[in-house]
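Architecture at a glance
Chain by chain, the residues run as shown.
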Amino acid sequence: MKQATKWVGPYIGETIMGSHSPVFFDLHTPVASNNPSGVYLSGSPGSGKTFTAELLAYLSTISGKTTVYLDPKADSISLLNLQSDIGDINVCDLANDGQVEEGILDPFSLVKDPAQQQILVMELIEAFVGGITSVQRNSLTPIIEDVVKMPEPSLSIVMQKLLSRRNDPDANALGYQLRLIRPLPFSRLCFDHYQGDGMKIGKGLTIITLLGLELPDADTSEYTPQTRLGMGIMLLITTYIRNIMMDNEGKEKASAAGKKYVPIPKTIIIDESWAVLATKTGRKIVSELCRLGRSLNTACVLISQNADDIEKYGISNSISTRFAFRTKTKDEAQKVRESFDLPSDIGIEDTMTNDFDAGDCLMKDFNGNIACVHIDAYDARIVRAFNTNPFGEM
């Protein structure tokens, strides 16, 4: 195997084959080196990828970067145990009806350009209903165009207009499918018009949780209304985060003051990332954030169980660094080997399925260097924090 890179950044572990060498890594090193800012973590449950993601979030935040962690399962709330190190942590629990306003993810308010509104609403409805025929698209397009022009547009109005087209069975079918989704938990976030200030993401760490949101299994081809709603919600949150990371408000303030805009360093971490990548708009957003990493000074971390998601969804060129943790099957390990461009005779499949312990991974850096690395739980205080629910049993 190639020699591991001597990265600039904090210590995260050591190589575990041959002579052991310390591994240093900072999420913004690829950004500073004019490489794509995407980092991909894959592996089976219990393999160490969640610990690594939380460690990267912790290191990102204490180094002064604005860090946003999109975590449907709410594992990352254990970072609250390290608040004395991190400082203020903003937890936005989108499952909490009392905390979150209705319509906060209203697609008409997430983007301002009417053309972009139409694209987002179309993509959202497609995610909700599982695909739109060309005939349905022709029926839906003029309805969205009309709703965009309204003073208070909303997805509910689109649904009502579809249902009112009694002589248009294709429009009616879409309306009925949306009506099935409307009463479900979390639909309140995106069906109503929104005029509030939105989620607050300041400096430091922001955790966005959606405990109870149903997402389909990554390998499934069968979807329910609940899981389709989950995929749509993930798309909307990613759109929201993208808007914040673009920092148009900061650019306008710098321009008004006659100053050069200097983006602050930012990190986005997206767990269950395949649910975002499964939509066209989601793939576009992730690719854009990774491609513009240097100009936005933003690193993007994607987390999934499947090793080949980035190839499957065509965003491998947006990823510069990969961590592949233990796999359940040799077929999955083979996908890792192929994506890492390793020869077939080195036996990495057996190593990844039988020999890797929790925290062991195959790591490939932005220079193409590859090594087997153990992510080191060197600080017992951090280990205790990550293994403890700050709110007790949930």
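Residues numbered from 1 in each chain as written. Predicted model: local features only at pLDDT ≥ 70, side-chain atom pairs only at ≥ 80, totals over all residues. Heavy atoms only, no water.

Let's shift gears to the overall build of the protein chain. Summing up its helical and strand segments, the protein chain has 17 helices and eleven strands in all. Against the 2.2 N^0.38 benchmark of 21 Å for 394 residues, the protein chain shows a C-alpha radius of gyration of 22 Å, consistent with a compact globule. Oriented by its inertia axes, the alpha-carbon framework of the protein chain measures out at about 75 × 50 × 45 Å. The 394 residues of the protein chain split such that 54% are buried. In the protein chain, 72% of the contacts between residues at least 6 apart in sequence involve partners at least 24 apart. Total accessible area on the protein chain is roughly 17200 Å²; 48% of this is exposed by carbon and sulfur atoms. Considering the protein chain, the positive charge centre built from 38 side chains and the negative charge centre built from 49 side chains are found 6 Å apart. (Helix = DSSP H or I, 4+ residues; strand = E, 2+ residues; numbered from the N terminus. Rg over C-alpha atoms; globule rule 2.2 N^0.38 Å. Buried < 20%, exposed > 50% of the residue type's maximum accessible area, 1.4 Å probe, protein only. Contact = heavy atoms within 4.5 Å. Areas by Shrake-Rupley, 256 points an atom, 1.4 Å probe, with all protein chains shown as cover. Lys, Arg positive; Asp, Glu negative; His and termini not counted. Charge placed at Lys NZ, Arg CZ, Asp CG, Glu CD.)

Here we come to the nonpolar core. By size, the foremost hydrophobic cluster in this structure holds 73 residues, and its most contacted members are Leu 94, Leu 105, Phe 128, Ile 208 and Ile 233. For this core, the leading source of residues is helix α9 (residues 225-246), giving eleven residues. One finds Leu 41, Phe 325, Ala 371 and Val 373 within the second-largest nonpolar core, a separate group that totals 36 residues. (Core = buried A, V, L, I, M, F, W, Y, C linked by side-chain atoms within 4.5 Å.)

Once that is clear, we can look at the pattern of salt bridges. All chains considered together, the criterion is met by 15 salt bridges. A salt bridge links Asp 271 to Lys 73, with the nearest nitrogen and oxygen atoms 2.9 Å apart. Of this pair, Asp 271 sits in the loop between β7 (266-270) and α11 (274-277) while Lys 73 sits in the loop between β4 (66-71) and α3 (83-86), and the two are 198 residues apart along the sequence. The class for Lys 73 is partly exposed, based on a relative accessible area of 35%. One salt bridge connects Lys 364 with Asp 341, and the closest N-O pair in it is separated by 3.8 Å. Here Lys 364 is found in strand β10 (residues 360-364), whereas its partner Asp 341 is found in the loop between α15 (330-339) and α16 (348-355), with 23 residues between them in sequence. By relative accessible area, Lys 364 is classed as buried at 17%. When salt bridges with common partners are traced through the structure, they connect Lys 73, Asp 271 and Glu 272 into a single cluster. (Salt bridge = Lys/Arg side-chain N within 4 Å of Asp/Glu carboxyl O.)

The subject of this paragraph is unusual backbone geometry. Of note, the phi angle at Asn 34 is positive, near 60°, even though the residue is not glycine. Residue class for Asn 34 comes out exposed when judged on its relative accessible area of 57%. In this model, Ala 74 sits at a positive phi of 65°, which is unusual for a non-glycine residue. Examined against the element boundaries, Ala 74 turns out to sit in the loop between β4 and α3. Judged by relative accessible area, Ala 74 falls into the buried class, the value being 8%.

So, about the sheet that holds strand β9 (residues 319-325). With mixed pairing, eleven strands are arranged side by side in an open sheet as β2-β1-β11-β10-β9-β3-β8-β7-β4-β6-β5. Pairing within the sheet leaves two strands with one partner each, and these edge strands are β2 (22-24) and β5 (89-93). Adjacent strand axes in the sheet meet at a mean angle of 25°, parallel and antiparallel pairs treated alike. Where β4 lies against strand β6 (residues 205-209), five bridges are found, and the strand directions are parallel. Across the sheet, residue Leu 70 finds its bridge partner in β6, namely Ile 208. (Pairing = 2+ DSSP bridges. Axes fitted to C-alpha atoms, helices over the stretch in contact; angles between N-to-C directions.)

Glancing now at the confidence of the model for the protein chain. Mean pLDDT over the protein chain stands at 88; residues scoring 70 or higher make up 96%. Every residue in residues 1-7 is under pLDDT 50, and counting partners more than four places away or in other chains gives 23 contacts. (pLDDT = per-residue confidence, 0-100.)

All right, on to the pairing of strand β1 (residues 11-15) then. Bridge count for β1 against β2 is three bridges, and the pairing is antiparallel. Directly across from Glu 14, in β2, lies its bridge partner Pro 22. Counted between consecutive antiparallel strands, the loop separating β1 from β2 contains six residues, among which Gly 18 sits at a positive phi close to 75°. The pairing of β1 with strand β11 (residues 370-375) spans three bridges and is classified as antiparallel. In the strand pairing of β11, Glu 14 is matched with His 374.

Tracing the chain through its elements places Ser 339 in helix α15. The spacing of Ser 339 and Ser 154 is 185 residues in sequence and 42 Å in space, taken between C-alpha atoms.

Moving on to the packing of aromatic side chains. Enumeration according to the criterion identifies five aromatic pairs in this entry. Ring plane angle 65° and centroid distance 5.5 Å describe the contact between Tyr 11 and Tyr 378, whose orientation is recorded as edge-to-face. Taken together, the positions of Tyr 11 in strand β1 and Tyr 378 in the loop between β11 and α17 (380-386) put the pair 367 residues apart, joining distant regions of the chain. For Tyr 378, a relative accessible area of 43% gives the class partly exposed. Both rings, one in Phe 25 and one in Phe 323, keep their centres 5.6 Å apart while their planes meet at 75°; by these two values the pair is edge-to-face. One end of the pair, Phe 25, is in the loop between β2 and α1 (29-32); the other, Phe 323, is in strand β9, and 298 residues separate them in sequence. For the pair shown, Phe 25 and Phe 323 are each scored as buried. (Phe/Tyr/Trp six-rings, centres within 6.5 Å; stacked < 30°, edge-to-face > 60°.)

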